[in-house]
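One letter stands for each residue in the lines below.
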Amino acid sequence: MTLRDSGGGNLPVFPMKAAIIVPARDKADYVGACVRSVLYQNYSPLEILFSDQGSTDDTLAVIKEECSKYDGPNKVRVLQCPDVGDFGMPAMNAHHNWLNSQTDADIIIQVSADDLIHPDRAKYVIEAYEKYNPSTVHTMQEFINPDFSTNGNSRYNPDEDGWVSGRTCLMELVGGSSSLSWSHEFYDRIGGVHGQTIQDVYLPFVASQDRGMWYICVPLHAYVCYADEKNMGLGGQMKAAKNATERTRIQELVHYQILGTLRECALTVEKIKPDWEGDDKQALLASIIAQGLAWCNIRDELTKFKIQPLMMRG
């Protein structure tokens, strides 16, 4: 791609090529509304990739049915991810890595198959990349119930759009759910996301130490809050827990998964920025210590009451 000097660094010549990716697995009850919200973006040209990962329900059929009705200007593809062996976070990460390899777009905008996006999300996000050239762009989230009633917005609510430090990423959980997008070059350079790593914790922090994380304080992504014991992430599983013992067992996995993600943040930043020092590094180290203590405490509680820990899905 041809580059030009913008004073703030080298930026791609406009327009940048953008893609929306929607990885799906067993989301038949929610994916139809998601597909409709993605197809009718107020921006063109876009490449839109819907991908099913071995669903056992009607997810793929619903996606195909909704896409068959589309007569807009954007290029739409319905794919089937061949990597169907894992479950949980490893499966989600493998799906994202595979989808990233299926497009040559400069910008990848992620949407979960059970969430909704604002018609202007792509427009706002692409404009931010073209103006500031960050590694990732994130937006405020609206939390909604399955009946589409509102349940609040992201707690991080600055007065204006802007750069977010690594410390703020960790303290305010700025990158939540699939409100994130990334530069294809950045994602490839860090080697994607693997294993139990939580991408919406990992990518924002690593990006903040690279070309930066840009935040749009407009709720352009709607996270649908519901209980689902088969959910890829542990949040939905926690909501579906049947009793206090089950919630405690899942909470132990949450602490383990977050701690592992913070470790991956440190390892990756050390690779891309060997001379890394400063406040963000200290914040990450403090978070690792705090999360490690929290994990030990809840594991001790399980041991005390002779409760067998759960196996992490993978």
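Everything here concerns the structure above.
Residues numbered from 1 in each chain as written. Predicted model: local features only at pLDDT ≥ 70, side-chain atom pairs only at ≥ 80, totals over all residues. Heavy atoms only, no water.

A. Spatial organisation of helix α2 (residues 59-68). Of all the positions in α2, only T59, L60, I63, E66 and C67 are classed as buried. Down the axis of α2, the buried set is contained in an arc of 130°. They therefore lie on one face. Residues of α2 that are buried sit in contact with β3 (18-24), α1 (31-39), β4 (47-52) and β5 (75-80). (Buried < 20%, exposed > 50% of the residue type's maximum accessible area, 1.4 Å probe, protein only. Helix = DSSP H or I, 4+ residues; strand = E, 2+ residues; numbered from the N terminus. Arc of directions from axis to C-beta. Contact = heavy atoms within 4.5 Å.)

B. The side chain of S55, seen in detail. Tracing the sequence through the fold places S55 in the loop between β4 and α2. A polar side-chain atom of S55 sits 2.8 Å from the main-chain amide nitrogen of D26. Among the polar contacts listed, one links the side chain of S55 to the side chain of D52, at a separation of 2.4 Å. In this structure S55 touches A24, R25 and D26, once residues within four positions along its chain are discounted. (Polar contact = N/O pair within 3.5 Å; in protein donor to acceptor, adjacent residues only side chain to side chain.)

C. Examining the environment of L203 more closely. Here L203 is to be found in helix α7 (residues 199-208). Between the alpha carbons of L203 and G175 there is a distance of 8.0 Å; along the sequence they are 28 residues apart. Among all residues touching L203, those that are not within four sequence positions of it are T136, L180, W182, F186, Y187, I190 and V193.

D. Inspection of the pairing of strand β11 (residues 180-183) at higher detail. Here β11 shows a buried face lined by L180 and W182 and a second buried face lined by S181 and S183. When strand β8 (residues 136-144) meets β11, the two strands line up antiparallel, connected through three bridges. In the sheet register, H138 faces β11, and the bridge partner there is L180. (Pairing = 2+ DSSP bridges.)

E. Looking closely at helix α3 (residues 88-100). Compared with an ideal rise of 1.5 Å per residue, which puts 13 residues at 18 Å, α3 spans 19 Å between its outermost C-alpha atoms and is within 8% of the ideal. Within α3, twelve of the 13 residues are buried, which leaves the element mostly enclosed by the surrounding structure. (Expected span 1.5 Å × (residues − 1).)

F. Up close: the environment of E65. Counting through the fold element by element, E65 comes out in helix α2. Judged by relative accessible area, E65 falls into the partly exposed class, the value being 44%. Along the backbone, E65 and G32 are 33 residues apart, and their C-alpha atoms lie at a distance of 8.7 Å.

G. A look at the pattern of salt bridges. Counted according to the given criterion, the structure contains 15 salt bridges. Here E66 ties to R36 by a salt bridge, and the two come within 2.8 Å at their closest N and O atoms. Taken together, the positions of E66 in helix α2 and R36 in helix α1 put the pair 30 residues apart, joining distant regions of the chain. The exposure class of E66 is buried, given its relative accessible area of 11%. The residue R299 makes a salt bridge to E252 at a minimum N-O spacing of 3.1 Å. One end of the pair, R299, is in helix α10 (residues 279-304); the other, E252, is in helix α9 (residues 244-272), with 47 residues separating them in the sequence. A relative accessible area of 36% places R299 in the partly exposed class. Residue E252 is classed as buried on the basis of its relative accessible area of 3%. (Salt bridge = Lys/Arg side-chain N within 4 Å of Asp/Glu carboxyl O.)

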